[in-house]
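# Survey of secondary and tertiary structure
Spelled out, the chains give:
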Amino acid sequence: MASITRTSFGAVTCLALLGVALTPRHRSAQQAGPLRSYAGPNGHVMVVVPGGEFMMGSPPSERGRSQAETQHRVRIPRTYAIATTEVTNEQFARFLAAVPDYGAQWRAATAARFGEPPRLARYSRTPDSPQVGVSWYDAARYCNWLSEQAGIPKDQWVYPVTIDAAQGLELPLSYLRRTGYRLPTEAEWEYAARAGTPTSWHFGDDSSQLSHYGWFDANAKRERMYPVAGLLPNQWGLFDMLGNAWEWTFDRRQPYPSAEHVTEDVEDSLFRVSNDRARTRRGGSFAYEWFTLRSAHRGDSTYFPNQTRDGVGFRVARTMPNS
């Protein structure tokens, strides 16, 4: 493994789009072959993930776990797609340019929060590095724009057309059955991060291998994020699920259920998104320790949808039609 260098995103993506199988070492325990992928709007490559059941959370014996990770079985009852990489500065900039009024508002708020020039630029230095400093609502707006670019009808958009971050928003009753772009649910994110594996990371339980797959404090030295897809992907062709930037997910932060029953990953009973109820984030970042990059790690419980952090970005997902 010492000879592994940065992986070419273009080469891996082309292999995925052509349906070329990865080597046995890089294949999921639950998949007989590579997952299908497609080219989405604004340069996103989307991997299509069939629904299924998995053990979410971690066993008590897992090193680095927290009490918030109660292991329980979850069923995802739909086929969904998830982006191979985090949204980059370049991709987000195209969105801001396409919606100039909102772009000016976002830049002014970012300067007020992070200074001018924003200090987050010290951490995310290149156009192909993860976009950070975005709120949950900013991610929702971006997803609506992606849906528009893809020609998805507005009755299939997951988020309201008008989003007021100060007031919160009301989600549609069937939001996980709509096919517009959105954030992945917490279960979808972990299912994709695990890529069919039950171990601490998709590559196993040996933390010495982590630097080949994710940027965290040991190899990034807490100095910066790196261009997306610079390290190895997981078995399903997903990059940077471990480290680089934290990623917003869709869900309200809630305690996990017990392990006694299978839980369906369906719409939350509370459809109101408000700024006094935390949302979830996943994956760890360049400035955090190894244990936060585990597939089961949930992050802090104090991330509210109107907040922005200089290490928090997102990747996009959607429910596939007829799933």
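Below you will find a few notes about this structure.

How each quantity is defined
Residues numbered from 1 in each chain as written. Predicted model: local features only at pLDDT ≥ 70, side-chain atom pairs only at ≥ 80, totals over all residues. Heavy atoms only, no water. Core = buried A, V, L, I, M, F, W, Y, C linked by side-chain atoms within 4.5 Å. Buried < 20%, exposed > 50% of the residue type's maximum accessible area, 1.4 Å probe, protein only. Helix = DSSP H or I, 4+ residues; strand = E, 2+ residues; numbered from the N terminus. Contact = heavy atoms within 4.5 Å. Phe/Tyr/Trp six-rings, centres within 6.5 Å; stacked < 30°, edge-to-face > 60°. Lys NZ or Arg CZ within 6 Å of the ring centre and 35° of its normal. Axes fitted to C-alpha atoms, helices over the stretch in contact; angles between N-to-C directions. Parallel < 35°, antiparallel > 145°, perpendicular 65-115°, else oblique. Nonpolar A, V, L, I, M, F, W, Y, C, P; charged D, E, K, R; others polar. Pairing = 2+ DSSP bridges.

## Looking at the nonpolar core
If you look at the biggest cluster of nonpolar residues, it comprises 41 residues, and the most contacted ones within it are Phe92, Tyr142, Tyr159, Phe314 and Val316. Looking at this core, the elements that each hand over two or more residues are β2 (45-49), β5 (80-83), α2 (89-98), α3 (100-114), α5 (136-149) and β8 (246-252). Looking at this core, the element that brings in the most residues is α5, giving eight residues. Aside from chain neighbours lying at most four places away, what touches Tyr142 is Asn42, His44, Val87, Gln91, Phe92, Phe95, Phe314 and Val316. Membership of the second largest hydrophobic core comes to 20 residues, among which are Met56, Ile76, Ala193 and Tyr256.

## Some thoughts on the packing of aromatic side chains
Counted under the stated rule, the structure contains 25 aromatic pairs. The interplanar angle of 20° and the centroid separation of 5.7 Å between the aromatic rings of Tyr159 and Phe250 together place this pair among those described as stacked. With Tyr159 in the loop between α5 and β6 (169-170) and Phe250 in strand β8, this pair connects stretches of sequence that are 91 residues apart. Of the two residues, Tyr159 and Phe250, neither departs from the other in class, the shared state being buried. Through a chain of ring-to-ring contacts, three or more aromatic side chains come together here, namely Phe92, Phe95, Tyr102, Trp106, Tyr142, Trp145 and Phe314. The residue whose ring lies beneath Arg318 is Tyr181, and the NZ or CZ to ring-centre distance is 5.2 Å.

## Digging into unusual backbone geometry
Most of the time, phi is negative for any residue but glycine, and the peptide bond is trans. The residue after Glu116, namely Pro117, is reached through a cis peptide bond having omega 0°. Looking at the secondary structure, you find Pro117 in the loop between α3 and α4 (120-123). Of note in this structure, Ala229 is not a glycine but carries a positive phi near 65°. By the secondary structure assignment, Ala229 is in the loop between α7 (217-220) and β8. The buried category is assigned to Ala229, whose relative accessible area is 3%. Within the chain, Asp240 stands out as a residue other than glycine whose phi angle is a positive 60°. As for its position among the elements, Asp240 is in the loop between α7 and β8. Taking the relative accessible area as the measure of exposure, Asp240 reaches 3% and is therefore buried.

## As for the packing of α2 against α3
In the contact formed by α2 and α3, the axes pass within 5 Å of each other and the chain directions differ by 120°. One element, α2, and the other, α3, form an angle in the oblique class. Where α2 approaches α3, its residues Phe92, Phe95, Leu96, Ala97 and Ala98 are matched on the opposing element by Pro100, Tyr102, Gly103, Trp106 and Arg107. Residue composition of the contact of α2 with α3, grouped by class: eight nonpolar, one polar and one charged.

## Re the sheet that holds strand β9 (residues 263-264)
Pairing between the strands of a sheet comes from backbone hydrogen bonds, and it takes one of two forms, parallel or antiparallel. In spatial order, the strands read β3-β4-β9; together these three strands make up an open sheet with mixed pairing. The open sheet has two edge strands, β3 (52-56) and β9, and neither has a second partner. Helix α6 (residues 186-194) rests against β3 and β4 (72-76) of the sheet, and its axis sits at about 90° to β3.

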